Each structure stands twice: as structure tokens, then as C-alpha cells.
Amino acid sequence: MSIRTKILFIILLLSIPPILFLRISGMHSLDILVSQVQTRTSNLLMNNQSQSLQRIVEDHARLLKRERQLISAALDVLVTKTAKALDIEYFSKVLSLQSQKSDSQIHGSMHGHMMHKKNGAFLFSPTPAIKNSLAIIPPIMRNFSNKYSDLILWQEILLADDTQIFYSTDQTNGTAMPPLINSTMAKEKGSSAVWSVPMHDKRFNASIFTASQSIILSNGAIVGTATIAIPVKTLLRDPGHLSAISDNTISYIIKADAQEKTLIILAKRNMGEKEGKWFTVPKDMLNVPEGTIVHISKDILNGKSGSWVTEINGKKHLATYASFGIDNSALLITVPIADIIRAASKEKEVVHSLFSKQLSISQYLFGITLFFVCIAAAYFSHSLSKNIYKLVQGVRQIAKGDFSIRIANVGKDEIGELGAALNEMIPALEENVQLKTSLQLASEVQQRLLPQKAPQQASYDIAGASYYCAGTGGDYFDFISPCVPKKSSGLLMAVGDVVGHGIPAALLMATARAYLRSSANHDISLSKITQMANDLVVCDTYGTGQFMTLFLSSLDTLHNTFTWTRAGHDAAIIYRRQQASFEEVKGKGATALGVTSNAEYTENAISIHQGDILVIATDGIWECTAPDGTMFGKERMRNIIEQSKELSSQQIIDTLYIAALGYTEQSSLEDDFTCIVIQRKENL
């Protein structure tokens, strides 16, 4: 963004805020007012609907209890009349006939005879001889059905000898056959009615309650069970105005399971489906949060009613419930919160439309004012930015390398002072650019001093590399033998580390390299080469505090012998593949190059076996630190070498460097890192 544009924006920011403040404050006040109206309306609707739904579920629960009492009393009359109609001779006859047959004969006869229909009732008995004696029962059932035709769906009497009498209130339904004996009817024995939770009757495709009561003779003998089925829709009628609240209102009959902490759906009615007809959803769980389940279950188990705002299938609902005392079951009605507060949203829209008309007028005024302000701001920004533009053009020329330019005629204010400062800075900047170019050239020269490729050996894989933390550095490695021919089979290698970084370290590294190569030109031992190089380096570094560590080695590829001498350098390490262990290639060392003259250095030697990996490195890797200050360490380096034993020598060096960078979480290491890796190939 240009200076002119910035000045334009500054002027606009100073002039527009008063106008903008009025508009924003008006919009903010509108939002607050609308939000308050919506919130208060929503709370009022929620309270009203919660109370209304609570009354509905409680009224249904009370109505169901009264209906249960009425139906239980009617069932007791049916049982009493049936008991009087069954005399003791009938059961004596039944028992005498059963005693003449084995169980297999009785059950065989049960499956072998057809069911008969008498007086509108279906009658089945395993004892055909007594079927005529039961003709007194269907009239009782017919009278009962006529009296309670609005309540009862069907009746069933199941006697002790497996005789079954079934009577359907809807005599026009010819397919309404009774179930098989011992199918779904309750068998609880007691002198009072036992009610079941809602179940699904497949014959009539209806959700039903069942009430069962034992048939007890005057002598106390229990001779059977009478069961009546009552449609759920008969006991729990739609109050009519639930659909007015929301088309998404759903009524459930649920059962609380205290041990499993679940709410089982026994029956469900949706206002928008099947005209609100009850239907059963066997063993389906109500998908609500566990906390809501625990709260509702506790209330149902204690026979309480209540309301609760909860999530059902990911959407907020208002849930009201009341227990009706049948096996921990209750009526639950849910309504989406969004449907309840829909009226509040409409109120928000009405208020918002009124204020929008007023704000639209201020919007036109705001646009006109903004137009004139922009014109004025553009004029003032141009007059203020032209001198700054001259400065920008001058800086761009300097960036292109034109150091002859000078900035003039930019005024006598602060901008003029900035132009004068830039003119003073140009010569120093030119000098710094030249210095940077020289440093880049020095870095390229130093890289050329390092080996460009490793020596090729049939039985060995050798690689080396240096990574500098700055453009130039003091680390050094060299493969000397290819450059200095010798009669022996030895391959001369060196790894060194000059104290410090940058140009001073790079100069000493280049000097030491020249001394080493010059000394190695003589056919002398490693210790003599090191001693000669040290005496030459001391002459250059005496009194400066500079020195260089050195690890000078020779690899005899014919006899597989590795000889070395150390001048203050850290020991190398060798991984013995056959033993899967590490050894330090340390030996007896001496002082670093450049510390003192007449130093003596000792040669050491080891054998290299097939598969062994020898690593010579500088301290730049194991002394690098993580962000928390912990060092990389030699142990971590050994682990990486062992894990990379199947890689080539160059790949091992790359792996070590990448691991160190990842450990420090930096783009480069804090110190230079140099490494030579020697692997003796297997099976050669």
C-alpha cells in the first residue's frame, strides 16, 4: 500500500468516525432492543407452554388411572360371572379326562383339532368332550363386550386345562383369530387386575394395554385367567391442541430402567404421521443425554411429573412427563424449542422492519457525506505524499544497486531530514554490499577447498561432508591420498575443527589444510605429519588464542587396518556389526594444533571387519541443544548409526544431520558439523 493511500486512509479515519458512530450506535441499540424483546417473549412462551404441557400430561395420567380403576372393576365383574358359571363338576370331568391321557396325547390332541366358533367366540379345548359344557361362557363375554364396546378390543379366557375362549369386540373382522395358547397373554395370578405396559397387537395392528385377573372359585381354587385388551388410543386420547403448538409434537409412552439408565420407548404418537395413531416401537431407546435420562428416570420411579429442556437427536426439545403407575412407565410429550419460540422470532422481524426504515434514511445521508469526505481526503493526501514519493523512488534506485543517486528537494521538515539521513547512509551501504559479496566469494572458495567427491574403493564405502552454521566456518575434512601419491596402500584422511566461526576460523582452516598436505607429501608416519603441521601452525597462532583439533588417519584397504593420531580431537566411534556394539576409536591423544610447539603425537591402530561402520565427526552434532537446553549427545548419535546400518555412508551422514536439525528445531545448527563415515562392505 502506498504512502499516499495510507495518508488518505488516515484522513478518512479522522473524519468518518463521528458519522459512523451514530449509525453503529443506532444499529447496536436496535440489536439490544430486538434481542430483549425476543428473549422476554421466548421466556414467556417457554413458561406458558411448559405449564400447559405439564397440565396435559398430568391430566392424562390422572385420566388413565381413573380409566384403569373403571376397567379393573369391569374386569372383576367379568371374572366373577365367569367363576359362577364354571361349576366344580366341569373341572372334575376335565381332570378325570386328563388323567386318562399322557401329556404327549394331550398336546397331540391340542394340535390335531380345529378351533370352533360359538356365539361369536372362538373356542379351543384339548378335551373335545367338554366343549359343549363351555357354551355358557360366550354369552357372558358378549354381554361384557356390548357394555364396554368403546373401551374393550377383545377378551380372552384361558383355563387350567389349556382351554382358550377368545371374543373380539369387532365381530365384523373375520380375520381376528385368537393367538396360539400360551402366546402373549399375562399369566400373573392374583385376585386383582394386573396391567401390562403397552404392546403391539399384530392381529388388530394396534397398540394395546392388557389387564389380566385370575378366575377364582368359591372354594379358592384358581381355575384360569381372564384377559382384556384396551387400545392405547382409548385411554390416552389426543387433547386436540397439541398440534396447534407444533406439528413436530411427539407423545411417547416410556419405561424407566433404573439399572441400565435407559428410557425404553413402548409406544409413540407423532402429530404429523398416521393421524396421531399410537404405534409400538419395541425396545427402542430415547436418544437423550445421560444426565436427562437419570433425572427423568428418578422422577418416574418415584411417581413424579416434571419438565426438562434437553437435546433429542441433536436438537433442543421441551420434554414434559408424568408417571401413570404401570411398571415404571410414563407419558412423555416433546416439542422442539424452535417451534415454541417461533412467535418470538416473528416479533423480532416486526420490530426490526420498523427501525430499518429509519436507518435507511440515515444511510443515504451517510453515503453523501462519505463522498465529499473522500474527495477532500484525496486532495490533502496528494499534497502530503509527493515528497514521500520522492524518497520511495530514491530507495528503489538504491535497492537496484545505484549508489550514485542522491535525494534532494524534499523539504525542510522531518521528511527532508529523512532524505539527508539516506544520503549519508548510501556510502556505508555500498561498503556493506561489497563486504557481503566478498564473504560470499570466500564461502565459495572454502567449499572448493573441501573434497568434491569421496575416494572409490571396491571393499569400502567412504563419504564425507561439512555443514557450516555461517557462510564460512572452521570445520575441515580432507581425503589427502588422492592428491598426494604414496607407495603404500593407505588412504590418508583428516577431520579438523578450528576454534570459533566465520572468516578467522576459515583462514586458519585453509592454512592448516595447506600445512597438512605439504607435510603429507613426505613419506613419513602420521605422527610426524601431525608434528610438522603443528610446528607450522604454532608459528601463525602463537599468542592469538587460536588452535585447531585434528583427527588424522590412514586406512589400509589391503590389510583392513585403520591407523590414526589425535591432536585434541574427540575420539571416533566404530560400530561392530557382528557384535552389534560400539567402540571408541580413542587411543592416546595429544594437544591441539597451534597450542605449543614440539608436541609429540602417538599412532594407534585397529582392524576393521566386514560390516563395521567407523564415524569421525566434530562436536557440532552431539553438542547441539534442544529448545529446553538438553544436548543431543553421543548416545543418541550411536542409536541413529545403529538404526541406519543398512544405509550407505553418505545416507548415514545425511540422516545424522537431519536428526540434529529436527532435535534443535532450527534451520541450521549452532556450530559447524563435519563427518567422515567409512563402511567395510560385507562379503568382499
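Residues numbered from 1 in each chain as written. Predicted model: local features only at pLDDT ≥ 70, side-chain atom pairs only at ≥ 80, totals over all residues. Heavy atoms only, no water.

1. A closer look at the overall build of the protein
Logical step 1: Looking only at helices and strands, the protein features 15 helices and 25 strands.
Logical step 2: Here the protein, with 684 residues, has 45% of them falling under the buried criterion.
Logical step 3: Expressed as a percentage of contacts within the protein between residues at least 6 apart in sequence, the contacts between residues at least 24 apart total 65%.
Logical step 4: On the protein, roughly 35400 Å² of surface is accessible, and the fraction owed to carbon and sulfur atoms is 55%. (Helix = DSSP H or I, 4+ residues; strand = E, 2+ residues; numbered from the N terminus. Buried < 20%, exposed > 50% of the residue type's maximum accessible area, 1.4 Å probe, protein only. Contact = heavy atoms within 4.5 Å. Areas by Shrake-Rupley, 256 points an atom, 1.4 Å probe, with all protein chains shown as cover.)

2. Examining the pairing of strand β17 (residues 490-498)
Logical step 1: The buried fraction of β17 amounts to 9 of the 9 residues, a majority that puts the element mostly inside the structure.
Logical step 2: When strand β16 (residues 475-479) meets β17, the two strands line up antiparallel, connected through 5 bridges. Across the sheet, Y476 pairs through a bridge with G496, a residue of β17.
Logical step 3: Pairing of β17 with strand β18 (residues 548-556) involves 9 bridges; the strand directions are antiparallel. Counterpart to V495 in the pairing with β18 is F551. (Pairing = 2+ DSSP bridges.)

3. Topic: the packing of helix α14 (residues 633-643) against helix α15 (residues 649-664)
The packing of two helices is summarised by the inter-axis angle and the distance between the axes.
Logical step 1: Where α14 contacts α15, the axes come no closer than 10 Å and their chain directions differ by 135°. Comparing the axis directions of α14 and α15 gives the class oblique. The interaxial crossing formed by α14 with α15 has right-handed handedness. Contacts from R636, M637, I640 and I641 in α14 reach T655, L656, A659 and Y663 in α15.
Logical step 2: Along the lines of polarity and charge, the residues of the contact of α14 with α15 split into 6 nonpolar, 1 polar and 1 charged. (Axes fitted to C-alpha atoms, helices over the stretch in contact; angles between N-to-C directions. Parallel < 35°, antiparallel > 145°, perpendicular 65-115°, else oblique. Left-handed = near helix turned anticlockwise from the far one by under 90°. Nonpolar A, V, L, I, M, F, W, Y, C, P; charged D, E, K, R; others polar.)

4. Concerning a nonpolar patch on the surface
Logical step 1: Taken together, the side chains of I368, F371, F372 and I375 make up a nonpolar region of the molecular surface, amounting to roughly 440 Å² of accessible area.
Logical step 2: Within the element layout of this structure, F371 appears in helix α10 (residues 342-399).
Logical step 3: Since its relative accessible area comes to 51%, F371 is described here as exposed. (Patch = residues over 30% accessible without salt bridge, like charges linked within 9 Å, V, L, I, M, F, W, Y side chains within 5 Å. Salt bridge = Lys/Arg side-chain N within 4 Å of Asp/Glu carboxyl O.)

5. Describing the pattern of salt bridges
Logical step 1: A full pass over the atoms with the stated rule returns 8 salt bridges.
Logical step 2: Across the salt bridge formed by R517 and D478, the nearest N and O atoms sit 2.7 Å from each other. Here D478 lies in strand β16 and R517 lies in helix α12 (residues 502-520), a separation of 39 residues in the sequence. The pair formed by R517 and D478 is uniform in burial state, with each residue classed as buried.

6. Considerations on helix α13 (residues 526-541)
Logical step 1: Look at α13: 22 Å from first C-alpha to last across 16 residues, which is about the 22 Å you get at 1.5 Å a residue.
Logical step 2: For α13, the full list of buried residues reads L526, S527, I529, T530, A533, N534, V537, V538 and T541. Down the axis of α13, the buried set is contained in an arc of 165°. They therefore lie on one face.
Logical step 3: Buried residues belonging to α13 abut β17, α12, β18 and β19 (561-567).
Logical step 4: G543 lies just past α13 and shows a positive phi near 85°. (Expected span 1.5 Å × (residues − 1). Arc of directions from axis to C-beta.)

7. Focus: the sheet that holds strand β15 (residues 460-467)
Logical step 1: The antiparallel open sheet is built from 5 strands, whose spatial order is β15-β25-β24-β20-β21. One side of each edge strand has no neighbouring strand; the edge strands of this open sheet are β15 and β21 (581-585). When strand polarity is set aside, the average angle formed by the axes of neighbouring strands in this sheet is 15°.
Logical step 2: Here 3 bridges tie strand β20 (residues 572-576) to strand β24 (residues 613-617), and the two strands are oriented antiparallel to one another. Counterpart to I574 in the pairing with β24 is L614.
Logical step 3: Along the sheet, α14 contacts β20, β21 and β24; its crossing angle with β21, the most-contacted strand, is approximately 125°.
Logical step 4: Helix-sheet contacts for α15 involve β15, β24 and β25 (673-680), and the interaxial angle to β15 is about 30°.

8. Concerning the packing of aromatic side chains
Logical step 1: Taken as a whole and judged by the stated rule, the model has 11 aromatic pairs.
Logical step 2: A centroid spacing of 3.9 Å and a plane angle of 5° characterise the contact between Y467 and Y657, whose relative ring orientation is stacked. With Y467 in strand β15 and Y657 in helix α15, this pair connects stretches of sequence that are 190 residues apart.
Logical step 3: Seen in terms of ring centroids, F551 and F562 are 6.5 Å apart; in terms of plane orientation they differ by 20°. Their pairing is stacked. (Phe/Tyr/Trp six-rings, centres within 6.5 Å; stacked < 30°, edge-to-face > 60°.)

9. Some thoughts on α14
Logical step 1: All buried positions along α14 are accounted for by M637, R638, I640 and I641. Viewed end-on, α14 has its buried residues packed into an arc of 160°, placing them on one side of the element.

10. Things to note about the packing of α12 against α13
Logical step 1: Running from N to C, α12 and α13 cross one another at 145°; their axes reach a closest spacing of 9 Å. The interaxial crossing formed by α12 with α13 has right-handed handedness. Counted together, L508, T511, A512, Y515, L516, S519 and A520 of α12 and I529, M532, A533, L536, V537, D540 and T541 of α13 form the full contact between these two elements.
Logical step 2: Split into classes, the residues belonging to the contact of α12 with α13 amount to 10 nonpolar, 3 polar and 1 charged.

11. What to know about the side chain of D478
Logical step 1: The class of D478 is buried, set by a relative accessible area of 0%.
Logical step 2: For D478, the side chain forms a polar contact with the side chain of Y476, separated by 3.1 Å.
Logical step 3: Within the structure, the side chain of D478 is placed 2.7 Å from the side chain of R517, a separation counted as a polar contact.
Logical step 4: Setting aside chain neighbours within four positions, we find D478 in contact with P451, L492, M493, A494, R513, R517 and I676. (Polar contact = N/O pair within 3.5 Å; in protein donor to acceptor, adjacent residues only side chain to side chain.)

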